[in-house]
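In case you want the letters, here they are:
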Amino acid sequence: MQVGMIGLGRMGSNIVRRLARQNHTAVVYDIDPKTVASLANECATGASDLEDLVRKLDRPRTAWIMLPAGEATESAVAKLSELLEPGDVIIDGGNSFWRDDIRRAKALASKGIDYIDVGTSGGIWGLERGYCMMIGGDEAAVHHLDPLFKALAPDVGIPQSQSGKQASTAERGYIYAGPSGAGHFVKMIHNGIEYGLMQAYAEGFDILRNASHPSVPEEFRFDFDLAAISEVWRHGSVITSWLLDLIASALAQDVDLSEFSGHVEDSGEGRWTIMAAIDEAVSAEVLTAALFARFRSRQQHTFAEKMLSAMRKGFGGHIEPPASSQK
């Protein structure tokens, strides 16, 4: 199949490369002409702008947007809606807000253009490992695009069920989640869970690291080898995961993680996950705390922490330790 890829960042370029490995073709566009030229020399046809990209696509056209959520994606969808024709498809493989997907799908349906939202997980490793995809939109349109999704999914065969029928594509790494917005909704929750898992690992290793801190009575101190612990947990432990693999790799390179400041951003899905939990009256303490911990990472000290110190002094005479003794 042929696809037009708009946005050649860390994931867009590798999606094109992975498709090319299985003989799919791509026309590519990015605001950086050097990036376009580089990929065109490798495995794709370059386009100078969106108009050029649409001209070079065969009908019915499939345009895949891999841009940051928000204005960049909104602008690309609006422009493509003017250039494409009935029967064409727009795929948003970024991390758009699921309610935006519903709005866009309705607007595009009036023009006969299908809009497919594809929550895509795999990051910079997707080229080799494949991509996990959560897909929303018209089911017939999604089914038509199955060769693309199958090519991008991890390189594992689909097991046969006991009845002899072919198992769900979920066992291969991609799934039709439901109508418009469903794909990005599932990906949103995926990323919210990711926040919680990452925070749990981070806090656990922080406790291990501080077991040797001078504030701990000497008889209760331990000087743990964090790299070795992360490695042993990767083998047979119930908490083994790809995230733990990444932790082990980072600690093996530098146990102090000295190249990092600890300033942690959030990409939006964590916030939207908490919004969904509020809308549904679902308790989500861990995911909420993980999101707030990221906010906290961007500050030296908060006013709330100053207030805590003031209250502790007020009721118990507790004095803040000097800066040199703080962790």
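Draft legend 1. Representation of the packing of aromatic side chains within the structure. If you walk through the whole model with that rule in mind, you get eight aromatic pairs. Seen from their ring centres, phenylalanine 205 and tryptophan 233 are 5.4 Å apart, and the 65° between their planes marks the pair as edge-to-face. On the criterion of sequence distance, the pair formed by phenylalanine 205 in helix H9 (residues 182-209) and tryptophan 233 in helix H10 (residues 226-233) is long-range, its members being 28 residues apart. Judged by relative accessible area, phenylalanine 205 falls into the buried class, the value being 9%. Since its relative accessible area comes to 29%, tryptophan 233 is described here as partly exposed. An aromatic cluster is defined as three or more aromatic residues linked by ring pairs; in this entry it consists of Phe97, Trp98, Phe185 and Trp272. The side chain of arginine 129 reaches across the aromatic face of tryptophan 242, ending 3.9 Å from its centre.

Draft legend 2. A look at the pattern of salt bridges. Evaluation of the coordinates by the stated rule reveals 20 salt bridges. As a salt-bridge pair, lysine 56 and aspartate 52 come within 3.1 Å of each other at their nearest N and O atoms. You can see lysine 56 and its partner aspartate 52 sitting in helix H3 (residues 50-56), four residues apart, about one turn around the helix. Note on lysine 56: relative accessible area 35%, which makes it partly exposed. For aspartate 52, a relative accessible area of 10% gives the class buried.

Draft legend 3. Molecular detail of H10. Those residues of H10 not exposed but buried are Leu226, Ile229 and Ser230. Down the axis of H10, the sector holding all buried residues measures 95°, keeping them to one side. Those residues of H10 that are buried lie in contact with H9 and helix H11 (242-253). Between the side-chain oxygen at the start of H10 and the backbone nitrogen of alanine 227 there is a gap of 3.2 Å, and the oxygen is on aspartate 225.

Draft legend 4. Main features of the sheet that holds strand E8 (residues 174-178). Within the open sheet, the eight strands sit side by side as E3-E2-E1-E4-E5-E6-E7-E8. Their pairing is mixed. The open sheet has two edge strands with one neighbour each: strand E3 (45-46) and E8. Pairing between strand E1 (residues 2-6) and strand E4 (residues 62-65): three bridges, direction parallel. Within E4, the residue paired with isoleucine 6 across the bridge is isoleucine 65. Sheet strands touched by helix H1 (residues 12-21): E1, strand E2 (25-29) and E4. Its angle to E1, the strand with the most contacts, is close to 165°.

Draft legend 5. Summary view of the pairing of strand E6 (residues 114-121). With respect to burial, E6 is a largely interior element, seven of its eight residues being buried. Note that the unit made of strand E5 (residues 89-92), helix H5 (residues 98-109) and E6 has a crossover that is right-handed. Sheet analysis places E6 next to strand E7 (residues 132-136), joined by five bridges and oriented antiparallel. Paired with valine 118 across the strands is isoleucine 135, a residue of E7.

Draft legend 6. Structural view of the environment of phenylalanine 185. Note that phenylalanine 185 resides in helix H9. Apart from the residues within four sequence positions on either side, phenylalanine 185 is in contact with Trp98, Ala276 and Glu280.

Draft legend 7. Representation of a nonpolar patch on the surface within the structure. Residues Phe303, Met307, Leu308, Met311 and Phe315 make up a contiguous nonpolar surface patch of about 590 Å² in total accessible area. Using a relative accessible area of 67% as the deciding quantity, one classes phenylalanine 315 as exposed.

Draft legend 8. Up close: the packing of H9 against H11. Between H9 and H11, the least distance of the axes is 11 Å, while the angle of their chain directions is 40°. Taken as axis vectors, H9 and H11 run oblique relative to one another. As for the relative orientation of H9 and H11, their crossing is right-handed in sense. Along its contact with H9, which presents Leu197, Met198, Tyr201 and Phe205, the element H11 presents Leu243, Leu244, Ile247 and Leu251. Classifying every residue of the contact of H9 with H11 gives eight nonpolar, no polar and no charged.

Conventions and cut-offs
Residues numbered from 1 in each chain as written. Predicted model: local features only at pLDDT ≥ 70, side-chain atom pairs only at ≥ 80, totals over all residues. Heavy atoms only, no water. Phe/Tyr/Trp six-rings, centres within 6.5 Å; stacked < 30°, edge-to-face > 60°. Helix = DSSP H or I, 4+ residues; strand = E, 2+ residues; numbered from the N terminus. Buried < 20%, exposed > 50% of the residue type's maximum accessible area, 1.4 Å probe, protein only. Lys NZ or Arg CZ within 6 Å of the ring centre and 35° of its normal. Salt bridge = Lys/Arg side-chain N within 4 Å of Asp/Glu carboxyl O. Arc of directions from axis to C-beta. Contact = heavy atoms within 4.5 Å. Polar contact = N/O pair within 3.5 Å; in protein donor to acceptor, adjacent residues only side chain to side chain. Pairing = 2+ DSSP bridges. Axes fitted to C-alpha atoms, helices over the stretch in contact; angles between N-to-C directions. Right-handed = clockwise from strand over helix to strand, strands pointing away. Patch = residues over 30% accessible without salt bridge, like charges linked within 9 Å, V, L, I, M, F, W, Y side chains within 5 Å. Areas by Shrake-Rupley, 256 points an atom, 1.4 Å probe, with all protein chains shown as cover. Parallel < 35°, antiparallel > 145°, perpendicular 65-115°, else oblique. Left-handed = near helix turned anticlockwise from the far one by under 90°. Nonpolar A, V, L, I, M, F, W, Y, C, P; charged D, E, K, R; others polar.

Interpretation in functional terms is not warranted from these geometric data alone.
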